[in-house]
Amino acid sequence: AHKRAVLELLTDETVMSKFPAAERKAIAELIPWTRVVKPGKTTYKGQSIDLLEYVLKHRESFVLRPNTDAGESATYFGPSLTDEAWDRALKITQRTPYVVQEAVPAVSEEFPVYQFGSVQPKMLQVDVQPHSFLGKVNGCSSWLTTRASSGFVSVVGVAPVFLLGSK
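In this text, all values refer to a predicted model and were calculated from it rather than measured experimentally. (Residues numbered from 1 in each chain as written. Predicted model: local features only at pLDDT ≥ 70, side-chain atom pairs only at ≥ 80, totals over all residues. Heavy atoms only, no water.)

(A) Main features of the overall build of the protein chain. Scanning the protein chain for helices and strands turns up 5 helices and 10 strands. With the C-alpha coordinates aligned to their principal axes, the bounding extent of the protein chain is approximately 50 × 45 × 25 Å. A total of 167 residues make up the protein chain; the buried ones form 28% of that total. Sequence separation of 24 or more characterises 40% of the internal contacts of the protein chain that already satisfy a separation of 6 or more. By element, 59% of the accessible surface of the protein chain is carried by carbon and sulfur atoms, the whole surface being about 11,500 Å². (Helix = DSSP H or I, 4+ residues; strand = E, 2+ residues; numbered from the N terminus. Buried < 20%, exposed > 50% of the residue type's maximum accessible area, 1.4 Å probe, protein only. Contact = heavy atoms within 4.5 Å. Areas by Shrake-Rupley, 256 points an atom, 1.4 Å probe, with all protein chains shown as cover.)

Structural data, given as structure tokens:
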């Protein structure tokens, strides 16, 4: 569950075709297209592509992420990098386990942050991670992070999650 490479299975058309229609729809809406970074052919939007060549040429559409968050490996956001920096990042990510994913717009909100003795409003990215057990979502965690243009992410904290609605 801590490896992003498993998401490749959920975005592979041959595997997905075996799921019921409702599950295929939910997965397509929630899971970005994912492939392990390695030389070779794959499919993207129904077309056969050379993975590394395609990702190199379409930097603005992709993100390179370490397969696991356990290490100190960087995440590379194609839309915020130059072509040269993206080329370098793609070469780096072939040395250790990385995945390439479609870039998804980040959700950011303003939060009060206590820093240097005062509370200041700060725009933070909100990352929600669901918790599931036996196929049922039982809750979630939300992490507030800052993201530098270099791709470096720093965790600011955990925020409570409230589901508001009528019973």
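Having seen the model, we can carry on.
(B) Quick peek at the pairing of strand E4 (residues 62–66). The element E4 is largely enclosed, with a buried count of 4 among its 5 residues. Note: E4 against strand E5 (residues 76–77), 2 bridges, orientation antiparallel. If you follow Val63 over to E5, its bridge partner there is Phe77. (Pairing = 2+ DSSP bridges.)

(C) Summary view of the nonpolar core. Residues Val37, Val55, Phe62, Leu64, Tyr76, Trp86 and Val100 are the most contacted members of the largest nonpolar core, which totals 17 residues. Among the secondary structure elements, those contributing two or more residues to this core are helix H4 (51–57), E4, helix H5 (83–92) and strand E6 (98–102). No other element matches H5, which puts 4 residues into this core. Beyond its immediate stretch of four places on either side in the chain, Trp86 contacts Val55, Leu56, Arg59, Phe62, Val63, Leu64, Tyr76, Phe77, Gly78 and Leu81. (Core = buried A, V, L, I, M, F, W, Y, C linked by side-chain atoms within 4.5 Å.)

(D) Spatial organisation of the environment of Leu30. Structurally, the position occupied by Leu30 is in helix H3 (residues 21–30). Taking the C-alpha atoms as reference points, Leu30 and Ala70, 40 residues apart in sequence, are found 23 Å from one another.

(E) Quick look at the pattern of salt bridges. Under the criterion given, the structure shown has 6 salt bridges. Where Lys57 meets Glu53, a salt bridge forms, and the shortest distance between an N and an O atom there is 3.4 Å. Residue Lys57 and its partner Glu53 are located together in helix H4, separated by 4 residues, close to a single helical turn. We classify Glu53 as partly exposed; its relative accessible area is 44%. (Salt bridge = Lys/Arg side-chain N within 4 Å of Asp/Glu carboxyl O.)

(F) Inspection of H5 at higher detail. All buried positions along H5 are accounted for by Ala85, Trp86, Ala89 and Leu90. Buried residues of H5, viewed axially, fall in a sector of 135°; they line one side. Exposed side chains of H5 directed beyond 90 degrees from the buried face belong to Glu84 and Arg88. Contact partners of the buried residues in H5: H4, E4 and E5. (Arc of directions from axis to C-beta.)

(G) Molecular detail of the sheet that holds E5. Sheet architecture is open: 4 strands sit in the order E1-E6-E4-E5, paired in antiparallel fashion. Only two strands of the sheet have a single neighbouring strand rather than two, namely strand E1 (34–36) and E5. Relative to E6, E1 is paired through 3 bridges, and the arrangement is antiparallel. In the strand pairing of E6, Val36 is matched with Val99. Each of E4 and E5 is contacted by H5, which is oriented at about 35° to E4, the strand it contacts most. (Axes fitted to C-alpha atoms, helices over the stretch in contact; angles between N-to-C directions.)

(H) Representation of unusual backbone geometry in the model. Phi at Lys45 is positive, roughly 55°, even though this residue is not glycine. Within the secondary structure layout, Lys45 lies in the loop between strand E2 (41–44) and strand E3 (47–50). In this structure, Phe116 is a non-glycine residue whose phi angle is positive, near 55°. Position of Phe116 among the secondary structure elements: in the loop between strand E7 (108–115) and strand E8 (118–133). Among the residues examined, Phe116 registers a relative accessible area of 79% and is labelled exposed.

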